[in-house]
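# Structural description and commentary
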Amino acid sequence: MYPLRRNRRLRNNEAIRSLVRETIVTPNDFLVPLFIVEGSGIKDEIASMPNYYRYSLDLLTKEVKELWSLGLKGVLLFVKVPDQLKDNKGTEALNPDGLMQRAIKVVKNAVPEMLVMTDVALDPYSNFGHDGIVSEGKILNDETAKILAEMSVSHASAGANFVAPSDMMDGRILSIRTALENEGFTDTGIMSYSAKYASAFYGPFRDALDSAPVDLMDVPKDKKTYQMDPANRDEAIKETLMDIEEGADIVMVKPGLAYLDIVRDIRNTVDVPVAVYQVSGEYAMLKAAAQKGWLDHDAVVMEQVTSIKRAGAHMIASYFAKDVVRLIS
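This structure is a prediction, so every number in the text was calculated from the model and none was measured.

## Quick notes on the overall build of the protein chain
Each helix and strand counted, the protein chain has 11 helices and 12 strands in total. For the protein chain, the C-alpha radius of gyration of 20 Å lies close to 20 Å, the compact-globule estimate for 329 residues. With the principal axes as the frame, the protein chain shows a C-alpha extent of 70 × 45 × 40 Å. Within the protein chain, the proportion of its 329 residues that are buried is 53%. Contacts in the protein chain between residues at least 24 apart in sequence constitute 75% of all its contacts with a sequence separation of at least 6. Accessible surface, the protein chain: about 15100 Å² in total, of which carbon and sulfur atoms supply 51%. The centroid of the 38 positive side-chain charges in the protein chain is displaced by 9 Å from the centroid of its 47 negative side-chain charges.

## A look at helix H2 (residues 57–69)
Look at H2: 19 Å from first C-alpha to last across 13 residues, which is about the 18 Å you get at 1.5 Å a residue. Every buried residue belonging to H2 is among Leu-57, Leu-60, Glu-63, Val-64 and Leu-67, and all of these are buried. Taken end-on, H2 shows its buried residues confined to a sector of 100°, consistent with a single buried face. Opposite the packed face of H2, turned more than 90 degrees from it, sit the exposed residues Lys-62 and Ser-69. Along its buried surface, H2 packs onto strand S1 (30–37), strand S3 (49–56), strand S4 (74–79), helix H3 (99–110) and helix H11 (321–328). A positive backbone phi angle near 90° is found at Gly-71, which sits one or two residues after H2.

## A few points about the environment of Met-114
Along the chain, Met-114 falls in the loop between H3 and strand S5 (115–120). With near-sequence residues (within four places) excluded, Met-114 lies in contact with Val-64, Leu-67, Trp-68, Leu-72, Lys-73, Gly-74, Val-75, Val-107, Lys-108 and Asn-161.

## A word on the side chain of Thr-144
Here Thr-144 lies in helix H4 (residues 141–158). Contacts of Thr-144, omitting those with residues within four sequence positions, involve Leu-122, Asp-131, Gly-132, Ile-133 and Met-169.

## Structural notes on the environment of Arg-11
Take Arg-11: it is sitting in the segment before helix H1 (14–20). Residue Arg-11 is classed as exposed on the basis of its relative accessible area, which comes to 53%. Measuring from C-alpha to C-alpha, the distance between Arg-11 and Asp-249 comes to 39 Å, with 238 residues separating the pair along the chain. Discounting residues that sit within four places of it in the chain, Arg-11 has contacts with Ile-16 and Arg-17.

## Things to note about a nonpolar patch on the surface
Together, Leu-10, Leu-19 and Val-20 make up an exposed nonpolar region whose accessible area comes to about 300 Å². Along the chain, Leu-19 falls in helix H1.

## Here we look at the packing of aromatic side chains
Counted according to the given criterion, the structure contains 14 aromatic pairs. Each ring, one from Phe-35 and one from Tyr-319, has its centre 6.0 Å from the other, and the planes form 25°; the classification is stacked. Residue Phe-35 is found in strand S1, and its partner Tyr-319 is found in the loop between strand S12 (315–318) and H11; the two are separated by 284 residues along the sequence. Residue Phe-35 is classed as buried on the basis of its relative accessible area of 1%.

## Focus on the pattern of salt bridges
Should their charged atoms come close, side chains of opposite charge can pair. Counted under the stated rule, the structure contains 18 salt bridges. In this structure, Arg-326 and Glu-66 form a salt bridge, with 2.5 Å as the shortest nitrogen-oxygen distance. Of this pair, Arg-326 sits in helix H11 while Glu-66 sits in helix H2, and the two are 260 residues apart along the sequence. When its relative accessible area of 26% is taken as the criterion, Glu-66 is described as partly exposed. Connected through shared salt-bridge partners, Glu-63, Glu-66, Lys-322 and Arg-326 make up one network.

Parameters at a glance
- Residues numbered from 1 in each chain as written.
- Predicted model: local features only at pLDDT ≥ 70, side-chain atom pairs only at ≥ 80, totals over all residues.
- Heavy atoms only, no water.
- Helix = DSSP H or I, 4+ residues; strand = E, 2+ residues; numbered from the N terminus.
- Rg over C-alpha atoms; globule rule 2.2 N^0.38 Å.
- Buried < 20%, exposed > 50% of the residue type's maximum accessible area, 1.4 Å probe, protein only.
- Contact = heavy atoms within 4.5 Å.
- Areas by Shrake-Rupley, 256 points an atom, 1.4 Å probe, with all protein chains shown as cover.
- Lys, Arg positive; Asp, Glu negative; His and termini not counted.
- Charge placed at Lys NZ, Arg CZ, Asp CG, Glu CD.
- Expected span 1.5 Å × (residues − 1).
- Arc of directions from axis to C-beta.
- Patch = residues over 30% accessible without salt bridge, like charges linked within 9 Å, V, L, I, M, F, W, Y side chains within 5 Å.
- Salt bridge = Lys/Arg side-chain N within 4 Å of Asp/Glu carboxyl O.
- Phe/Tyr/Trp six-rings, centres within 6.5 Å; stacked < 30°, edge-to-face > 60°.

As structure tokens, then:
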């Protein structure tokens with residue numbers, strides 16, 4: 001008891017604080033989201049995500065090599081599909097020479113050891129901006145899951161190590177796992193967006209890929225019929241356990257900071273790695289506040305990623321990954 005025990009003795013200086021620190025952030029904690037576009041010589045800054053870019057395939061090679069040199073060993077690929085290639089069934093997603101399939105090969109050619117994860121959802125390919133097939137004002141579940149399974153096989157054929165279904169269709173993990181097994185891709189993993197909420201934090205991401213739902217009659221105006229209600233907590237456990245039963249190797253919570261209670265609940269419940277996506281809105285808010293001089297950018301970045309790891313994340317998909325690695329180096 002006080003004064004025999006004075007807790008501040010373990011906070012007196014940085015040396016002792018470092019020695020007793022419970023949560024340590026390293027480059028091994030991060031997945032790096034990368035946005036890919038058609039063309040050449042393109043490094044296009046995303047207006048709502050300062051200092052973050054879309055890359056054409058020729059410049060993707062340089063970026064991936066830089067990430068590897070920083071100790072960042074995993075990327076999560078997203079593609080911006082030209083409008084003329086979009087339709088309601090995501091036909092272009094199955095093109096063996098599509099942008100995603102070529103991007104996978106570029107990354108593997110640049111750094112063969114790099115872990116490549118790929119986004120599996122229809123919204124980048126959909127002329128309606130939805131993660132599934134739209135019919136009479138509804139998102140078709142089973143028909144969409146079938147296409148997602150075919151997309152996953154296509155990504156695995158191109159060399160992806162993991163597919164990352166972000167759609168939130170019921171049963172899609174089982175459909176994907178079955179398809180991968182049937183095609184001999186037994187080593188291809190699945191990182192499931194198991195607890196993906198219908199969040200307002202996704203806006204800048206949709207700008208980056210031009211994938212927001214369109215405002216048309218008979219097209220749902222949002223994604224609330226398949227993404228989770230932000231008010232729900234217990235449901236996240238149910239969704240996650242079902243995905244694991246269906247074959248998910250890694251489960252994800254998305255977004256990050258506003259859902260750290262969910263991260264801890266899931267970490268306490270499951271025996272597979274837990275990922276967290278620190279999403280575009282979280283990135284954009286901090287960048288904007290720092291540009292205004294209202295927050296210390298570097299200090300808040302480190303506090304945020306530390307809090308996500310402290311909550312239970314084994315890995316963090318973050319647009320701050322390069323910033324963090326440079327800070328801790």
